[in-house]
Amino acid sequence: MKKLRLALSKGEAMRFLSHLDYAQAVERMIRRAAINMAYSEGFNPHMKISFSSALALGITADVEYLDMDIVDDLIVSEVMERLNRVAPPGLQVLDGREMPDKVKKLMAICNYAVYEVSGPVTAEANWDDLLKAFNEATEIAYEKVTPKKTRTIDVKHFVKEPITAKLEGNRVTLTMGIGIYPEGTMKPGDVWQLGREKYGWPVTDGYSIHRRAIMVERDGQLISPLAVTI
């Protein structure tokens, strides 16, 4: 049995797939590619696949990662070729490598994501000045509401780098690096709404989200999950 780690895209054609639907699309692709997978034991055996994180409905991504256990004696390039031959629109295998059997799960190591949040602007503004108050704040309290409870979190604990803005016509794209921790994370859409309501960012409540990268942050360095073998 081999453990492979693959990098895949979630393109525009898959924007409105939930994480569960995306996972099922990957499984169907594997079956069509005739790759013999390892399965779990028990009454409801399933393919041994694990993903780096769950992307919400409506979010696209340059790259996602998955680990898969195969029983075929195939090299990574052949697995990639087979999968891409039958991949649906918006899903492509970009890279991959064989991993040690005891490598840590992706969910346990991927702790940093870069997002682009885009939407229309409602007024002309100097975005460097607009973002200054947010970026220079040492602490920003935010009430995070979930179905079970409401709690106050520090946004700056999760937003790791200064947010940058790129204006194109009447739309702005904000790029933000967000930490993913055992205690949770900050949704990029919530950062957008917070800036609109508290800092006066001239944007509407309509936006789209694209994840540029998901990585491993260790000792101040950002590492691709493909490079982490322990």
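Values in this document were obtained by computation on a predicted structure and should not be read as measured data.

Turning our eyes to something else, we now look at the overall build of the chain. Broken down by element type, the chain carries 6 helices and 12 strands. Its C-alpha atoms give the chain principal-axis dimensions of roughly 55 × 35 × 35 Å. A buried classification covers 47% of the 230 residues belonging to the chain. When the accessible surface of the chain is totalled, it reaches about 12,300 Å², and 50% of it is carbon and sulfur. Side chains of the chain give 30 positive and 31 negative charges; the mean places of these two sets differ by 4 Å.

Glancing now at the packing of aromatic side chains. Under the counting rule described, the total for this entry stands at 6 aromatic pairs. Geometrically, the ring pair formed by W192 and Y207 is tilted, given 5.8 Å between the ring centres and 45° between the ring planes. Of this pair, W192 sits in helix α6 (residues 188-198) while Y207 is found in the loop between α6 and β11 (208-218), placing the two residues 15 residues apart along the sequence. Among the aromatic residues, those joined into a cluster by ring pairs are W127, F134, Y199 and W201. Geometry around Y22 places K10 over its ring, the cationic atom sitting 5.9 Å from the centre.

With that settled, the discussion passes to the nonpolar core. One finds W127, F134, I163 and W201 to be the most contacted residues of the largest nonpolar core, which totals 30 residues. Of all the elements in the fold, those that place two or more residues in this core are β3 (59-70), β5 (112-120), α4 (127-136), α5 (155-158), β9 (171-181) and α6. Not counting residues up to four positions away in its chain, the partners in contact with W127 are V121, A165, L167, V172, L174, W201, P202 and V203. Counting residues in each nonpolar core, the second largest holds 26 residues, with A25, A33, M68 and V93 among its members.

This part takes up the pattern of salt bridges. Within this structure, the stated rule accounts for 11 salt bridges. In this structure, R82 engages E78 in a salt bridge whose closest nitrogen and oxygen atoms are separated by 3.4 Å. Taken as a pair, R82 and E78 lie in helix α2 (residues 76-86) at a separation of 4 residues, close to a single helical turn. When the shortest N-O distance is used, the salt bridge between E116 and R212 registers 2.8 Å. With E116 in strand β5 and R212 in strand β11, the pair connects residues that are 96 residues apart, well separated along the chain.

To continue, consider the pairing of β5. With 7 of its 9 residues buried, β5 lies for the most part within the structure. Direction of pairing for β5 relative to β9: antiparallel, over a ladder of 9 bridges. Looking at the pairing, P120 lines up with R171 of β9. Two elements, β5 and β11, share 7 bridges in a ladder whose sense is antiparallel. When the sheet's bridge partners are listed, Y115 is paired in β11 with R211.

Here we come to helix α1 (residues 19-32). Look at α1: 20 Å from first C-alpha to last across 14 residues, which is about the 20 Å you get at 1.5 Å a residue. Taken residue by residue, α1 has Y22, A23, A25, V26, M29 and I30 as its buried positions. The arc enclosing the buried residues of α1, seen along the axis, measures out at 155°, which places them on a common side. Residues of α1 that are buried in the fold lie against β1 (2-10), β2 (49-51), β3, α2 and β4 (93-99). One or two residues past the end of α1 sits A34, with phi positive at roughly 60°.

Assignment of secondary structure puts E98 in strand β4. For E98, a relative accessible area of 42% translates into the label partly exposed. A sequence separation of 40 residues divides E98 from T138, and the C-alpha atoms of the two residues are 42 Å apart.

Now for the side chain of K2. Mapped onto the secondary structure, K2 falls in strand β1. Contact partners of K2, with chain neighbours within four places excluded, come to M68, D69, I70, D72, D73, L74, I75 and E98.

Parameters and conventions
Residues numbered from 1 in each chain as written. Predicted model: local features only at pLDDT ≥ 70, side-chain atom pairs only at ≥ 80, totals over all residues. Heavy atoms only, no water. Helix = DSSP H or I, 4+ residues; strand = E, 2+ residues; numbered from the N terminus. Buried < 20%, exposed > 50% of the residue type's maximum accessible area, 1.4 Å probe, protein only. Areas by Shrake-Rupley, 256 points an atom, 1.4 Å probe, with all protein chains shown as cover. Lys, Arg positive; Asp, Glu negative; His and termini not counted. Charge placed at Lys NZ, Arg CZ, Asp CG, Glu CD. Phe/Tyr/Trp six-rings, centres within 6.5 Å; stacked < 30°, edge-to-face > 60°. Lys NZ or Arg CZ within 6 Å of the ring centre and 35° of its normal. Core = buried A, V, L, I, M, F, W, Y, C linked by side-chain atoms within 4.5 Å. Contact = heavy atoms within 4.5 Å. Salt bridge = Lys/Arg side-chain N within 4 Å of Asp/Glu carboxyl O. Pairing = 2+ DSSP bridges. Expected span 1.5 Å × (residues − 1). Arc of directions from axis to C-beta.

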